[in-house]
Amino acid sequence: MPISRADVQHVARLARLALSDDELDRFQRQLSNILEEADKVKRLPTEGVPPMSHAVPRVNVWRDDTVGPCFTQEEALSTAPAVEQGRFMVPRIIEDEP
Amino acid sequence: MTATGPFLSDLTAHELAERFASGDATAVAATEAALARIQATDEVLHAFLTVMGEQALDQARAVDGARSRGERLGPLAGVPLALKDVLVTKGVRTTAGSRILDDFHPPYDATVVQRLRDAGAIVVGKTNLDEFAMGSSTENSGFGPTRNPWDPSRVPGGSSGGSATAVASGQAVLGIGTDTGGSIRQPASLCGVVGVKPTYGLVSRYGLIAFASSLDQVGPFARDVRDAATLLEAIAGHDPLDSTSIEDAPTDFTSTLEHGIDGLRIGVVKELLPDTLAPAILAPLRAAIDRLERLGARIEECSLPSFEYALSAYYLIAPAECSSNLARYDGVRWGLRAKDPTDVVDMMQRTRQAGFGPEVKRRIMLGAYALSAGYYDAYYGQAQRVRTLVARELDAAYERFDLLVGATSPGTAFPIGELVDDPLQMYLSDVFTIPVNLAGNAAVSVPAGLVDGLPVGLQLVAPVLGEALMLRAAHALEQDLDLPKRPTDVIPMLRDLQEAQP
């Protein structure tokens, strides 16, 4: 299979997904199948062909640097699962000084 | 039959507009008809995730009031519309079909939603979809599948299956979907309605919950081409809030609809209409192409060999963009958050594990893999170069042809559950629609007839900003085919409903 179980575990970690053992097995099988199909892209000769990242090429879309309407702090926080003192609240990230 | 009272939502928007103008119908009556149809059928069909009954009726009353005062009204004034639940609506629950956004009430409206309001359309509700628009059957919704009104044991297609079903069944007159790899055209084909994938950049993506930003495009569903063109006019046009939005794009798609197709050069793309298709599917599509020829078009075959690689390229590019776009669902700013986390990484991992369904996880994994160190150039980079070749071949074809034509989907609606455990087979549903998204071109699926009682659509493809010509050809074909369109005349499950009415 083009992708190992360890690869699946590694990618799940990168993607911040706590997959179950069952899912790791299933995804190894399914992703392998899909990647075998995706491998087709390698068969087309593309030497000297530039990559295309967007359907309509655009460079530096500017606007005037003026203040327009924007959310209030209350609106911006209104959808958050946890808020404290007008801010998004998350579990502690930085440990106490030793 | 007479389309009055409970059957008003079976009319097209232009038929409704005539009745509103002559005083034979009101926006409230049309909205009530749509809501009654939803009430009568949605337990089976499950096209809607949120029905906006009260807001819709308030809006309809406002339209009727404005009309009675002689005020200038928008082109869609009083017309019931179904909105795919991937466009944000201020204060109205918006889920993207995902449990991770189960209780998300956005603080703003998408630009498309604002434009629909300005045009006077009545949004009757938010429709079901494959989670984050990833899928071809609407079975990947976190809230259960939508059923095809032609045969409720079958899928309506996807990802915009809810909006396609709503329009096909008279739950609404018009619908809004999004198309990243075929998510408007394929359900339009499977539900027997018109579906337009506009040129990338013609319609604003501001307030569209992103799946693959370089491919996503908002577009209309309708029961005829004139309605689709009118709806596209209402939502198209530059938006400073979307930096990929095209400036000075044409936004008149209705005035040339009747101009016919005499002398138009149309290429039949071999890769979009292969001989390997089931003969039953090929027959109505070839017959439709013959009609285009009789209407004066010059038909010739052509081959675009890079299309064979488009599906593979798409299933690297779209997941790569999705893995990046969906990183934002981390339990911090919106939606679900896992309980009692040990630390912030644990919170994010368990939130995403609980909130995302299997297809979304699969695509995030695929994308993260294609972008990861060691694989980036072989997969993502190579897919981007294939994308260039697809776009170049299309551009070369437009030197010989005004439009291209082919099948929208390899088959008719398939049974619910049939492909759900075989993601690769499900992906193949999009094999004819994907090349257009890669190149940013415009395309429309227009009903071509029935195969064993199930609809099949013909796909017309146009160069960037070629919508007016494309819709003109679609309109000519539709008028010539003259298929019955009213839901109560064609949808078997609605016949009982019709008989039950006094």
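Residues numbered from 1 in each chain as written. Chains lettered and ligands numbered in written order. Predicted model: local features only at pLDDT ≥ 70, side-chain atom pairs only at ≥ 80, totals over all residues.

### What to know about the overall build of chain B
The cut-off we apply is this: By the criteria applied, helices consist of DSSP H or I runs no shorter than four residues and strands consist of E runs no shorter than two, each listed in order from the N terminus. Atoms counted for the radius of gyration: C-alpha only. Globule rule: 2.2 Å times residue count to the power 0.38. We call a residue exposed when 12 or fewer other C-beta atoms sit within 10 Å of its C-beta, buried when the count reaches 20 or more, and partly exposed for counts in between; the C-beta positions come from the backbone. The contact criterion used here is simple: two residues whose C-beta atoms, placed from the backbone, lie within 7 Å are in contact.
If you tally the helices and strands in chain B, you get 17 helices and 11 strands. On C-alpha atoms alone, chain B measures out to a radius of gyration of 21 Å, which is about the 23 Å that the 2.2 N^0.38 rule sets for 502 residues. Overall, chain B is about 65 × 60 × 45 Å in size when its C-alpha atoms are taken along their principal axes. Classification of the 502 residues of chain B by burial places 63% in the buried group. Contacts spanning at least 24 positions in sequence make up 75% of the contacts within chain B whose residues lie at least 6 apart.

### Focus on the interface of chain A and chain B
If you look at the interface, chain A gives 43 residues, while chain B gives 56 residues. Of all elements in the fold, only α1 (5-14) and α2 (21-38) of chain A reach the threshold of two or more residues within the side of chain A that touches chain B. The biggest single contributor to the side of chain A that touches chain B is α2(A), with 7 residues.

### What about the pairing of strand β7 (residues 265-269) of chain B?
Residues and elements named next belong to chain B. In plain terms, the rule: Think of it this way: DSSP has to see at least two bridges between two strands before they count as a pair. Note on handedness: a crossover is taken as right-handed if, strands pointing away from the viewer, the path from the first strand over the helix to the second is clockwise.
Strand direction decides the pairing type here: β7 and strand β8 (residues 298-302), joined by 5 bridges, are parallel. Bridge pairing in β8 links valine 269 to cysteine 302. Taken together, β7, helix α8 (residues 279-294) and β8 constitute a β-α-β crossover, and its handedness is right-handed. Where β7 and strand β9 (residues 403-407) come together, 3 bridges link them in parallel fashion. When the sheet's bridge partners are listed, glycine 267 is paired in β9 with leucine 404.

### Some points on the nonpolar core
All names here are of chain B. Which entries qualify depends on this criterion: Core membership is restricted to buried Ala, Val, Leu, Ile, Met, Phe, Trp, Tyr and Cys residues, and these are joined into a nonpolar core through C-beta atoms within 7 Å.
Ranked by size, the top nonpolar core spans 183 residues in total, and within it Leu81, Val124, Leu174, Leu316, Leu403, Leu460 and Ala473 carry the most contacts. Among the elements that line this core, the one with the most residues is helix α9 (residues 310-325), at 10 residues. With residues up to four places along the chain from it excluded, the contact list for valine 124 reads Thr31, Ala34, Leu35, Ile38, Val51, Met52, Ala56, Pro80, Leu81, Ala82 and Ala172.

### Topic: the sheet that holds strand β5 (residues 194-197) of chain B
Residue and element names in this part refer to chain B. Inclusion rule: Orientation is described by axes fitted as lines to C-alpha atoms, over the contacting stretch for helices, and by angles from 0 to 180 degrees between their N-to-C directions.
A sheet is described by the order of its strands in space; here 11 strands give the open sequence β1-β3-β2-β4-β6-β5-β10-β11-β9-β7-β8, paired in mixed fashion. Of all strands in the sheet, those with a lone pairing partner are β1 (48-51) and β8, marking the two edges. The average angle at which neighbouring strand axes cross in this sheet is 25°, direction not considered. Against the sheet, helix α15 (residues 467-481) engages β9, β10 (442-451) and β11 (454-462), with an angle of about 10° to β10.

### Observations concerning α1(A)
Basically, it comes down to this: For this quantity, the arc is that covered by the directions from the helix axis to the C-beta atoms.
Turning to α1(A), its buried residues number three or more, namely Val8(A), Val11(A) and Ala12(A). Projection of α1(A) onto a plane perpendicular to its axis shows the buried side chains occupying an angular sector of 105°, all on one side. Elements in contact with the buried residues of α1(A): α2 of chain A together with α11 (358-371) of chain B.

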